[in-house]
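Residue-level structure breakdown
This is what each chain is made of:
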Amino acid sequence: MPLDPTTSDFRTLWDELAPVGRDRRTGGYARFAWTREDATLREWFVGAARARGLDVEVDRNGNLWAWWGAPGDDAVVTGSHLDSVPGGGAYDGPLGVVSALLAVDRLRAQGVVPERPFAVVAFADEEGARFGVACMGSRLLSGAIGRDRALALRDDAGVTLAEALSAAGVDPAHAGRDEEALRRIGVFVELHVEQGRGLVDLDAPVGVASSIWPHGRWHHRFEGEGNHAGTTLIADRHDPMLPFADLVLGGREAAAELGAVLTVGRVLVGPNGTNAIPVTVDAWIDARAPEEATVRALVERVERLSRDAAGRRGVSVEVSEESWSGLVSFDAALRDRLAGAVAGLAPIGAVPVLGTGAGHDAGVLAAYVPTAMVFVRNPTGVSHSPAEHAEEADCVTGVHALASALEDLLTGE
Ligand code: GLV
Ligand code: MN
Ligand code: MN
């Protein structure tokens, strides 16, 4: 077990995770909630935590907690998630979990004795890649999503979240808002790889978060009429692919006009045959902007666009909101305290404060408890892609920064 983490200590722990769910051809990861890969990652977490003498608990929603000392209320909690988006990078999530474990090593090496309860957490199903709603572990725990709605969500194979939890040994009967788990979180600090170029441009290895853009996901389901690709005259077609295409192109234009971003990254075509006009096109819209009113205006415009296009093409459309996350402004006092604890640590110096368009468990929990985020520089600025990266030296700096912030919270007022 490493004492005061260095580059090679970071690498040792990091390399244990590297092969899990990795596509050898693309280098991208498929680590979806409650799958075999997820189980392997969860086992790894339990092993790494136990190797550090931490006691592991699974909460009612399947989140993993590793306690240094006795569990208790008002704890200092740090961690992130282990799951990925399809074709995701290695760092989004795991960097926060690995850094949290290495921060424990550093605190120990420095003789820090926590004066309040302390836990490392691995939140379940942060990306929502399988059941559609992101940050499911923290949303369920906090009650930000209703239990019944969550448990009924289905993956593309028709498996419900309730069934997936059961299969993974988490009893869905006990899922939902968890007062005890919530009471135990006194403060949550999530370290995360930066998902843009803010720190690169500022030439800084780490930063702290100010805010998260409001964002959400919407499902547009177009339904037309299946028919033969060669024998159906153009005039006779009810092709759901056409209003879908209008949605993609018009949505992008509308987003650009409004100063927002819109992504259609997931589409299911039924029955998906080259020589058959599709019956259905299911498309998922991800929309984000600095202000809630802008996202709402965009989403309304896009819905109108879908409805008009579907009407013109003789196709029906249903639109539903799958998730919504309002603007998050992180606790300014906590942020400044963290920045103060970290500043001056070589090679950090002053700590930049950055906003982000990416969602996080820290963002969900911010509505319930004080939360903060530490970002680690990503030289590519790319995320949700195999190109996502952080240099080992910056990762170690991140561990040192996190440990300093935690020490301040564990031993200060
Ligand atoms: C999660 O990373 C998200 O921003 O969707
Ligand atoms: Mn992510
Ligand atoms: Mn993440």
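See the structure printed just above.
Quick look at the structure, then. (Residues numbered from 1 in each chain as written. Chains lettered and ligands numbered in written order. Predicted model: local features only at pLDDT ≥ 70, side-chain atom pairs only at ≥ 80, totals over all residues. Heavy atoms only, no water.)

1. A few points about the packing of aromatic side chains
Test applied: Within 6.5 Å between ring centres, the rings of Phe, Tyr and Trp (the latter by its six-membered ring) count as paired, and their orientation is classed by plane angle as stacked under 30 degrees, edge-to-face over 60, tilted in between. The helix and strand labels rest on DSSP assignments: H or I over at least four residues marks a helix, E over at least two residues marks a strand, and numbering proceeds from the N terminus. Each residue's exposure class comes from its accessible area (1.4 Å probe, protein chains only) as a fraction of the maximum for that residue type: buried when under 20%, exposed when over 50%, partly exposed otherwise. By definition, being over a ring means that NZ of Lys or CZ of Arg is both within 6 Å of the ring centre and within 35 degrees of the ring normal.
Inspection of the entire model under this criterion finds 7 aromatic pairs. Seen from their ring centres, W65 and W67 are 6.2 Å apart, and the 15° between their planes marks the pair as stacked. Taking 5.7 Å as the distance between ring centres and 90° as the angle between the ring planes, the aromatic pair formed by W68 and F118 counts as edge-to-face. Placement of the pair is W68 in strand 2 (residues 64–68) and F118 in strand 4 (residues 118–123), with a sequence separation of 50 residues. Both residues of the pair, W68 and F118, count as buried. One aromatic cluster in this structure is built from W65, W67, F123 and F188. If you follow R108 out to its NZ or CZ, it ends over the ring of W68, 4.9 Å from the centre. The positively charged end of R266 is found above the aromatic ring belonging to W284, 3.7 Å away from the centroid.

2. Concerning the nonpolar core
Note the following rule: For this analysis, a nonpolar core means a set of buried residues of the types Ala, Val, Leu, Ile, Met, Phe, Trp, Tyr and Cys, connected via side-chain atoms within 4.5 Å. Any two residues having at least one pair of non-hydrogen atoms within 4.5 Å are treated as being in contact.
Of all hydrophobic cores here, the largest spans 58 residues; its most connected members are W44, F45 and L95. With 10 residues, helix 13 (residues 392–411) is the single largest residue contributor to this core. Residues in contact with F45, not counting those within four places in the same chain, are L64, A66, L82, V97, V120, V121 and A122. Grouped together as the second largest cluster of nonpolar side chains are 24 residues, V77, L365, M373 and F375 included.

3. Section: the side chain of D38
Put simply, the rule is: Two residue types count as positive, namely Lys and Arg, and two as negative, namely Asp and Glu; His and chain ends fall outside the count. Within this document, salt bridges are pairs made up of a side-chain nitrogen of Lys or Arg and a carboxyl oxygen of Asp or Glu, the two lying within 4 Å of each other.
With respect to the helices, strands and loops of the structure, D38 is situated in helix 2 (residues 36–51). Among buried charged residues, D38 stands out as having no salt bridge; its nearest opposite-charge side chain is R42, 4.8 Å away. Discounting residues that sit within four places of it in the chain, D38 has contacts with F32 and A33.

4. Examining the environment of V364
As for its position among the elements, V364 is in helix 12 (residues 361–365). As a C-alpha pair, V364 and G137 span 227 residues in sequence and 10.0 Å in three-dimensional space.

5. Concerning the coordination of the manganese ion (ligand 3)
Put simply, the rule is: Counted as donors are the N, O and S atoms within 2.8 Å of the metal, or 3.2 Å for Na, K and Ca, while water is not among the atoms, so some sites may look incomplete.
H81 (NE2), D92 (OD) and H192 (NE2) make up the full set of protein donors to the manganese ion (ligand 3), lying at 2.0 to 2.2 Å. As a motif over one chain, the donors of the manganese ion (ligand 3) read H-x10-D-x99-H. The manganese ion (ligand 2) is placed at 3.7 Å from the manganese ion (ligand 3), the two being bridged by D92. Within this pair, whereas H81 is found in strand 3 (residues 75–81), its partner H192 is found in strand 5 (residues 185–193), the two being separated by 111 residues in sequence. Given a relative accessible area of 0%, H81 falls into the buried group. Residue H192 is classed as buried on the basis of its relative accessible area of 1%.

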